[in-house]
Amino acid sequence: MSVSSGSSSPSAFELLREQYALRLPTSLEELAGPTAGTVDLPLHVVWSGRRSYGLAQTRSRMSLYRTVLAEGQRQDLIVYLNRGLLIEQWPVLRTLVSRPLRDAWEGRFPELPAAKAATAA
């Protein structure tokens, strides 16, 4: 079997974006994670380093969201992320995640880029 080197092959960016898109919740309404307290992530999400995050501290919360967005599966996104906090943090958070991840989320949930535009105004 031969592999075509034509433009029909997806790029690494497209493959990553699709990988992230497969894990997305159906809607942001599903994101029912906590808004206060401390979150301890399981080993399958963060296998080394920091596992405990305080939601009261902005940097800690951003780190938690960045980790869950990048490493979590669909159920992790639903359990650990909160719709309101995600939308509120998105203008900064989008700059901390990879472009394929950002494109997958913004492509599925138009309210995320809208939140960015509203904050910039």
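Residues numbered from 1 in each chain as written. Predicted model: local features only at pLDDT ≥ 70, side-chain atom pairs only at ≥ 80, totals over all residues. Heavy atoms only, no water.

Trainee: Before we go on, may I ask you to explain the overall build of the protein chain in this structure?
Mentor: On a plain count of helices and strands, the protein chain comes out with six helices and two strands. Starting at the N terminus and walking to the C terminus, you meet the elements of the protein chain as α-β-β-α-α-α-α-α. Of all 121 residues assigned to the protein chain, the portion counted as buried reaches 41%. Taking as baseline every contact in the protein chain between residues at least 6 positions apart, the subset at least 24 positions apart corresponds to 63%. On the protein chain, roughly 7,000 Å² of surface is accessible, and the fraction owed to carbon and sulfur atoms is 54%. (Helix = DSSP H or I, 4+ residues; strand = E, 2+ residues; numbered from the N terminus. Buried < 20%, exposed > 50% of the residue type's maximum accessible area, 1.4 Å probe, protein only. Contact = heavy atoms within 4.5 Å. Areas by Shrake-Rupley, 256 points an atom, 1.4 Å probe, with all protein chains shown as cover.)

Trainee: Hey, could you run me through the side chain of Asp-76 in this one?
Mentor: Examined against the element boundaries, Asp-76 turns out to sit in helix H3 (residues 74-80). Arg-23 provides the closest opposite charge to the buried, salt-bridge-free Asp-76, at an N-O distance of 7.3 Å. Looking at Asp-76, its side chain comes within polar contact range of the side chain of His-44, at 3.0 Å. Polar side-chain contacts of Asp-76 include one of 2.9 Å to the backbone nitrogen of Gln-73. Excluding its chain neighbours within four sequence positions, the residues that come into contact with Asp-76 are His-44, Val-45, Val-68 and Leu-81. (Lys, Arg positive; Asp, Glu negative; His and termini not counted. Salt bridge = Lys/Arg side-chain N within 4 Å of Asp/Glu carboxyl O. Polar contact = N/O pair within 3.5 Å; in protein donor to acceptor, adjacent residues only side chain to side chain.)

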